[in-house]
Structures are given as structure tokens and as C-alpha cells.
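What follows is each chain in one-letter form.
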Amino acid sequence: MNKNNIGHIKEEQAALYLKNKGYSIIAMNYSCKVGEIDIIAKDKDVYVFVEVKYRTSNKYGDPAEYVNIKKQKKICQAALTYFSYNYLKEDCPCRFDVIAIYPDDTVKHIENAFMFIL
């Protein structure tokens, strides 16, 4: 199985995890000119932009550590584009989460993993 297939499987696993927590999944693999967001969900009235990270080994650290500042900026820019295309107000409540999936399929959900930055 190639990396893309594994990535999609892990994103589906993360989406199921969120659904089981009561979230509504709005979009998967949202893509625009400025970047991509793995999952867009709603937690009650809050839009949640989720980056999913999976590693086959913990040899090089925690998967969540791979959401660096450059990636955070791209996610935030893509979120702004999503808001604009969907006619949502920029002050609409939202947050940025990370879901780390470990080799043993343990899921770690980090709410408010980072703040909005450009």
C-alpha cells in the first residue's frame, strides 16, 4: 500500500474518531490554491480545521510535531479561503486541531493545537 492510500485511511480513521465525539464532518481533503486541510468539521457552532499526522514509527518523534509553523500558516490561509468561498464571516468561531495517529493506531486529539497565523 502506498503512502497516499495509508494517508487517506488514517484521515478516515480520524474522521470516524471525530464523529464518535459528536462532531459533524463538513469536508475531507479540502484543497485550494494556498493549501489543503485534511478535515473540516463542526463541534457544535465552532468550525474545526484538522490536520491529521501519522507516522509508521516514533523513531523521529511524535507525529504531531510535524505540524510546523510553515504548515500552520498554510492551513490558516486555506481556512480563510474556505470562509470566503462559503460566505462565512471571518469572526465566525473556529479552531485548529491536530490528530496524531500512532503506529499502534492510538489516536491523540490536540484541540487548539495552534492559533491563527498568517
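For the structure itself, look to the data block above.
Residues numbered from 1 in each chain as written. Predicted model: local features only at pLDDT ≥ 70, side-chain atom pairs only at ≥ 80, totals over all residues. Heavy atoms only, no water.

J.: Lay out the sheet that holds strand β1 (residues 24-32) with the relevant residues and their values.
T.: Paired through their backbone hydrogen bonds, the strands of a sheet run either parallel or antiparallel. An order of β1-β2-β3-β4-β5 is seen for the 5 strands of this open sheet, with the pairing classed as mixed. The open sheet has two free edges, formed respectively by β1 and β5 (107-114), since each of these has just one partner strand. Mean inter-strand twist for the sheet, computed between neighbouring axes without regard to direction, equals 30 degrees. When strand β2 (residues 35-43) meets strand β3 (residues 46-54), the two strands line up antiparallel, connected through 5 bridges. Directly across from Ile40, in β3, lies its bridge partner Phe49. Of the strands in this sheet, β1, β2, β3, β4 (94-101) and β5 are in contact with helix α2 (residues 69-85), which crosses β2 at around 65 degrees. (Pairing = 2+ DSSP bridges. Helix = DSSP H or I, 4+ residues; strand = E, 2+ residues; numbered from the N terminus. Axes fitted to C-alpha atoms, helices over the stretch in contact; angles between N-to-C directions. Contact = heavy atoms within 4.5 Å.)

J.: Explain the pairing of β1 to me, and be specific about the residues and the numbers.
T.: With 7 bridges connecting them, β1 and β2 associate as antiparallel partners. Looking across to β2, one finds that Ser24 is bridged to Lys42. What sits between β1 and β2 in their antiparallel hairpin is a turn of 2 residues.

J.: Account for the pattern of salt bridges, with residues named and values stated.
T.: Counting across every chain of the model gives 8 salt bridges. Note that Glu111 and Lys21 form a salt bridge whose closest N and O atoms lie 3.5 Å from each other. In this pair, Glu111 sits in strand β5 while Lys21 sits in the loop between α1 (3-20) and β1, placing the two residues 90 residues apart along the sequence. Under the relative-accessibility criterion, Glu111 is labelled partly exposed at 40%. Its salt-bridge partner being Asp43, residue Arg95 comes within 3.2 Å of it at the nearest N-O pair. Taken together, the residues Arg95 in strand β4 and Asp43 in strand β2 connect sequence positions 52 residues apart. For the pair shown, Arg95 and Asp43 are each scored as buried. Among the charged side chains, a salt-bridge network with shared partners connects Lys21, Asp43, Lys44, Arg95, Asp97 and Glu111. (Salt bridge = Lys/Arg side-chain N within 4 Å of Asp/Glu carboxyl O. Buried < 20%, exposed > 50% of the residue type's maximum accessible area, 1.4 Å probe, protein only.)

J.: Quick one: what's the story with the packing of aromatic side chains, residue by residue and with numbers?
T.: The full count for this structure, using the stated rule, is 8 aromatic pairs. Ring centres of Tyr47 and Tyr82 lie 6.4 Å apart, and the angle between their planes is 55 degrees; on these two criteria the pair is classed as tilted. With Tyr47 in strand β3 and Tyr82 in helix α2, this pair connects stretches of sequence that are 35 residues apart. For Tyr47, a relative accessible area of 11% gives the class buried. Centre to centre, the rings of Phe49 and Phe83 are 5.8 Å apart; their planes meet at 40 degrees, and the pair counts as tilted. Here Phe49 is found in strand β3, whereas its partner Phe83 is found in helix α2, with 34 residues between them in sequence. Of the two residues, Phe49 and Phe83, both sit in the buried class. (Phe/Tyr/Trp six-rings, centres within 6.5 Å; stacked < 30°, edge-to-face > 60°.)

J.: Tell me about the pairing of β4, and please be specific about residues and values.
T.: Sheet faces and side chains relate simply in a regular strand, where the side chains alternate between the two faces. The buried fraction of β4 amounts to 7 of the 8 residues, a majority that puts the element mostly inside the structure. Note that β3 and β4 share 8 bridges and pair parallel. Within the sheet, the bridge partner assigned to Val50 lies in β4 and is Asp97. Where β4 meets β5, 5 bridges bridge the pair, whose relative direction is antiparallel. The partner of Ala100 across the bridge, within β5, is Lys108. Remark: 5 residues form the turn of the hairpin made by β4 and β5, two consecutive strands paired antiparallel; Asp105 in that turn has positive phi of roughly 70 degrees.

Interpretation note: all reported values are geometric properties and have no functional meaning in isolation.
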